[in-house]
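Analysis of the macromolecular model
Take a look at the letters that make up each chain.
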Amino acid sequence: MKGVIMIIDGMADRPLEKLSGRTPLEAASTPNMDRIAESGINGIMDPIKPGVRAGSDTSHISILGYDPYRVYTGRGPFEAAGVGLDVKPGDIAFRCNFATADDDMIITDRRAGRIRSGTSSIARTINSMTIEGFEDVEIIFRESTGHRAVLVLRGPGLGDRVSDADPKVEGKPPKKIKALDGSPESRKTAEVLNRIVKESYEILRDHPVNTGRIERGEAPANIILPRGAGAVPHIEKFQDRYGLKAACIAETGLIKGIGHLTGMDVIDVEGATGGIDTDLESIKNAISSAIAADYDFLLINIDGADEAGHDGDLEGKVRFIERVDSILGDVMGDDIYFILTADHSTPVSVMDHTGDPVPIAITGPEVRVDDVKSFSERAAAAGGLCRIRGSDVMDILLDLMNKKEKFGA
Ligand code: ZN
Ligand code: ZN
């Protein structure tokens, strides 16, 4: 018996006047999702708890049965693991932007002209940096997609309570990074980071990639701006915790990072770029192969509905949900408990995550099928699962799979 959790990122929404009071999920034509609801048990889920506006990261952590209030230290560690860096507990990790600074260190472009190529060569240069006086701190740097990158500091006596360097607007210098808790560990991190920001400009200013960019009239990537500090947490491996061999199919570095940090096999899918233009056919094929392989558990995240929600793109969200529905026809198998849900609501009216609960449906050989006939926020609320929390999902799944220890005699 296998368990599959498929999370359609940010799919849940609120009723909209433009849709005559329906949600995008209610308005979308979703015959396959409806079939899952009809043949399964349904409910609504608060990813963390009622009214908490979950991030994608904290929600996934909660749904996988870990306590986000204990495990989640910031976005940095998950992003760093997501680009394949072998981060270790205690490392301090950051998200970074490649940006453009002028001779006075004023940021003139926070995304370095949306740089697309040459970043790996720039990253290698930063990777070889050492900071005088802090030779005990190893600097690990890796490019991500576009203008994004990750930075990891490894060494003794480092803390993660530090502010961001990113000024968030152009026309200002990088912000001076400060220790937020006044501890010697965070002070050391802040000092190292301030030096990295300043010295990144010195070593990148005349980097061959940048001289080429300047010649072509493009903004050079001559400084890095770290933010989102977090200490890499100790996380019990998924397989040790549940005895299930697990794989993860995700599009964004953030969710891949959760897969890596929980010890899952992270399956890269060519063309799965996130967003509404992603290659869903390739994702479907990857899901089918992973289900056919010898995994006991599969976590799937599909990103596009969240992006459409953030963009306030109602039509795009409805259409994307319909496209996701179209790949759901052939991925189900017999010996599978299949859970379809979202990690949070991203209402197009709000253009950000909200704390509204999300629908959840579970199909499988021995679920108590209820009377719900369609998959949506409101239809699901009438189902047999009633209202659960994200932290209940793994317990329910393991129980259905008969993998739970009895509590008591
Ligand atoms: Zn999300
Ligand atoms: Zn989002």
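Everything numeric in this text was worked out from a predicted model, so none of it was measured.

The rules we used
Residues numbered from 1 in each chain as written. Chains lettered and ligands numbered in written order. Predicted model: local features only at pLDDT ≥ 70, side-chain atom pairs only at ≥ 80, totals over all residues. Heavy atoms only, no water. Phe/Tyr/Trp six-rings, centres within 6.5 Å; stacked < 30°, edge-to-face > 60°. Helix = DSSP H or I, 4+ residues; strand = E, 2+ residues; numbered from the N terminus. Buried < 20%, exposed > 50% of the residue type's maximum accessible area, 1.4 Å probe, protein only. Lys NZ or Arg CZ within 6 Å of the ring centre and 35° of its normal. Core = buried A, V, L, I, M, F, W, Y, C linked by side-chain atoms within 4.5 Å. Domains from an automatic or database assignment. Contact = heavy atoms within 4.5 Å. Buried area = accessible area lost by both parts, 1.4 Å probe. Polar contact = N/O pair within 3.5 Å; in protein donor to acceptor, adjacent residues only side chain to side chain. Donors = N, O, S within 2.8 Å, 3.2 Å for Na, K, Ca; no water. Tetrahedral: all angles 85-135°; square planar, octahedral: opposite > 155°, others 65-115°. Patch = residues over 30% accessible without salt bridge, like charges linked within 9 Å, V, L, I, M, F, W, Y side chains within 5 Å. Areas by Shrake-Rupley, 256 points an atom, 1.4 Å probe, with all protein chains shown as cover. Salt bridge = Lys/Arg side-chain N within 4 Å of Asp/Glu carboxyl O. Lys, Arg positive; Asp, Glu negative; His and termini not counted. Charge placed at Lys NZ, Arg CZ, Asp CG, Glu CD. Pairing = 2+ DSSP bridges.

This part covers the packing of aromatic side chains. Across all of its chains, the model carries 4 aromatic pairs by this definition. Between F98 and F141 the ring centres are 5.8 Å apart and the planes differ by 70°, which places this aromatic pair in the edge-to-face class. One end of the pair, F98, is in strand 3 (residues 92–101); the other, F141, is in strand 5 (residues 138–143), and 43 residues separate them in sequence. With a relative accessible area of 0%, F98 lands in the buried category. Looking at F141, the relative accessible area reads 3%, which means it is buried. Here a set of aromatic residues connected by ring pairs shows up, and it is made of F238, Y242 and F297. Directly above the aromatic system of Y66 lies the positively charged group of R241, at a separation of 4.5 Å from the ring centroid.

With that out of the way, let us pick up the nonpolar core. By size, the foremost hydrophobic cluster in this structure holds 92 residues, and its most contacted members are I5, F238, F297 and I302. Summarising the domain contributions, this core has at least three residues from each of domain 1 (2–72 + 234–400) and domain 2 (80–231). Once residues within four sequence positions are removed from consideration, I302 is found in contact with M6, I7, I8, D9, E251, L280, I283, F320, V324 and I327.

Quick look at the domain arrangement of the protein chain now. Per the domain assignment, the segments of the protein chain are domain 1 (2–72 + 234–400) and domain 2 (80–231). Computed from C-alpha atoms alone, the centre-to-centre distance between domain 1 and domain 2 is 33 Å. Facing 6 residues of domain 1, the contacting portion of domain 2 comprises 4 residues. The largest contributions to the domain 1 side of the interface with domain 2 come from H234, H260 and L261, which together make up 71% of the buried area. Our count for the domain 1 to domain 2 interface comes out at 0 residue pairs in polar contact (both at pLDDT 80 or more).

With that settled, consider the coordination of the zinc ion (ligand 2). Protein coordination of the zinc ion (ligand 2) is provided by D306 (OD), D306 (OD), H310 (NE2) and H353 (NE2), with donor distances spanning 2.0 to 2.5 Å. Coordination at the zinc ion (ligand 2) comes from 4 donor atoms whose angles at the metal span 55 to 144°, giving a geometry best classed as irregular. In the primary sequence, the donor residues of the zinc ion (ligand 2) line up as D-x3-H-x42-H. Separating the zinc ion (ligand 2) from the zinc ion (ligand 1) is a gap of 4.5 Å. Separated by 47 residues along the polypeptide, D306 in helix 12 (residues 304–310) and H353 in the loop between strand 11 (336–341) and strand 12 (358–363) bring together distant segments of the chain. Among the residues examined, D306 registers a relative accessible area of 9% and is labelled buried.

What follows deals with unusual backbone geometry. The backbone of S20 sits at a positive phi, close to 55°, despite the residue not being glycine. Here S20 lies in the loop between strand 1 (2–8) and helix 1 (24–27). S20 gets classed as exposed once you look at its relative accessible area, which sits at 65%.

Here the focus is a positive patch on the surface. Judged by side-chain charge, K168, K172, K175, K176 and K178 come together as a positively charged surface patch. Locating K176 in the fold gives a position in the loop between strand 6 (148–154) and helix 7 (184–204). Classification of K176 by relative accessible area gives exposed; the value is 62%.

Let us now look at the coordination of the zinc ion (ligand 1). Distances from the zinc ion (ligand 1) to its protein donors, namely D9 (OD), D9 (OD), S56 (OG), D343 (OD) and H344 (NE2), fall within the range 1.9 to 2.8 Å. Motif for the zinc ion (ligand 1), donor spacing along one chain: D-x46-S-x286-D-H.

Moving on: helix 3 (residues 56–63). The periodicity of an α-helix, 3.6 residues per turn, causes residues three or four positions apart to be oriented the same way. Among the 8 residues of helix 3, 8 are classified as buried, and the element is accordingly described as predominantly covered. Where helix 3 is concerned, the buried positions are S56, D57, T58, S59, H60, I61, S62 and I63.

Turning our attention to the sheet that holds strand 11. One open sheet accounts for 8 strands, arranged 9-8-10-1-11-12-2-13; its pairing is mixed. Pairing within the sheet leaves two strands with one partner each, and these edge strands are strand 9 (265–266) and strand 13 (386–389).

This paragraph deals with the environment of D371. When you line up the elements, D371 lands in the loop between strand 12 and helix 14 (377–380). Exposure remark for D371: the relative accessible area of 70% places this residue in the exposed category. For the pair D371 and A382, spaced 11 residues apart in sequence, the C-alpha separation works out to 8.0 Å.

Another aspect to go through is the side chain of T189. Among the secondary structure elements, T189 is positioned in helix 7. For T189, the residues in contact, after removing those within four places along its chain, are I92, F94, L153, L158, G159 and V162.

Right, let's talk about helix 10 (residues 253–261) for a bit. Helix 10 sits mainly inside the fold: 7 of its 9 residues count as buried. All buried positions along helix 10 are accounted for by L254, I255, K256, G257, I258, G259 and L261. In this fold, the buried residues of helix 10 make contact with helix 3, helix 5 (76–82), strand 8 (246–249), strand 9 and strand 10 (297–302).

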